[in-house]
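Inside the fold
Residue strings, one per chain:
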Amino acid sequence: MRFFAKLVLLFNACFLATIPLRIYELSYKISNPDKAFTGALKVKPLESTLVILGYSAIFINIIFLLLVLILGKRKVLPQWLFWSNMVILFIQLYYFFFW
């Protein structure tokens, strides 16, 4: 369970790195509507990996929450790890459903 919690934290870090990339893309498209957006980073595989891991983080995070609640393994995890994953889950829910 600790390994899975750390893996979820890694996915969440990719999600947090994806948000500025998306904001940069939207601001570029607004300021330059005639030009094609070529990407925020010059390394396309890195940008693609961050986006895929970041957008799939919400599913991994929900699975983590369900496992912790069903199995009752919350006491095994460090408190900061559990709560940081939960705070980022709420940020993800807001990002995907309300923004």
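Bear in mind the structure is a predicted one, so any value in this text is a computation, not a measurement.

Looking at the nonpolar core
Counting 8 residues, the largest nonpolar core is built from Ala-5, Val-8, Phe-64, Val-68, Leu-77, Leu-81, Phe-82 and Met-86. Not counting residues up to four positions away in its chain, the partners in contact with Leu-81 are Arg-2, Ala-5, Lys-6 and Leu-9. If you look at the next biggest cluster of nonpolar residues, it comprises 6 residues, including Phe-11, Phe-15, Ile-19 and Ile-88.

A few points about the side chain of Gln-92
Mapped onto the elements, Gln-92 comes out in helix 3 (residues 79–98). Given the relative accessible area of 0%, Gln-92 is considered buried. Non-local contacts of Gln-92, meaning those with residues more than four positions away in its chain, are made with Asn-12, Phe-15, Ala-57, Ile-58 and Asn-61.

Digging into helix 1 (residues 2–31)
The end-to-end C-alpha distance of helix 1, which contains 30 residues, comes to 44 Å, matching closely the 44 Å that a straight helix rising 1.5 Å per residue would cover. Turning to helix 1, the residues buried within the fold contact helix 2 (44–71) and helix 3.

Re the confidence of the model for the protein chain
Residues of the protein chain with pLDDT of at least 70 account for 100%, and the chain-wide mean is 90. Put simply, helix 1 is where the protein chain has its lowest mean pLDDT, 91, and helix 3 is where it has its highest, 93.

Considerations on helix 3
With 20 residues, helix 3 extends 28 Å between its outermost C-alpha atoms, agreeing within 8% with the 28 Å of an ideal straight helix rising 1.5 Å per residue. Those residues of helix 3 that fall on the buried side of the exposure criterion are Leu-81, Phe-82, Asn-85, Met-86, Ile-88, Leu-89, Gln-92 and Tyr-95. Its buried side turned inward, helix 3 meets helix 1 and helix 2.

The rules we used
- Residues numbered from 1 in each chain as written.
- Predicted model: local features only at pLDDT ≥ 70, side-chain atom pairs only at ≥ 80, totals over all residues.
- Heavy atoms only, no water.
- Core = buried A, V, L, I, M, F, W, Y, C linked by side-chain atoms within 4.5 Å.
- Buried < 20%, exposed > 50% of the residue type's maximum accessible area, 1.4 Å probe, protein only.
- Contact = heavy atoms within 4.5 Å.
- Helix = DSSP H or I, 4+ residues; strand = E, 2+ residues; numbered from the N terminus.
- Expected span 1.5 Å × (residues − 1).
- pLDDT = per-residue confidence, 0-100.

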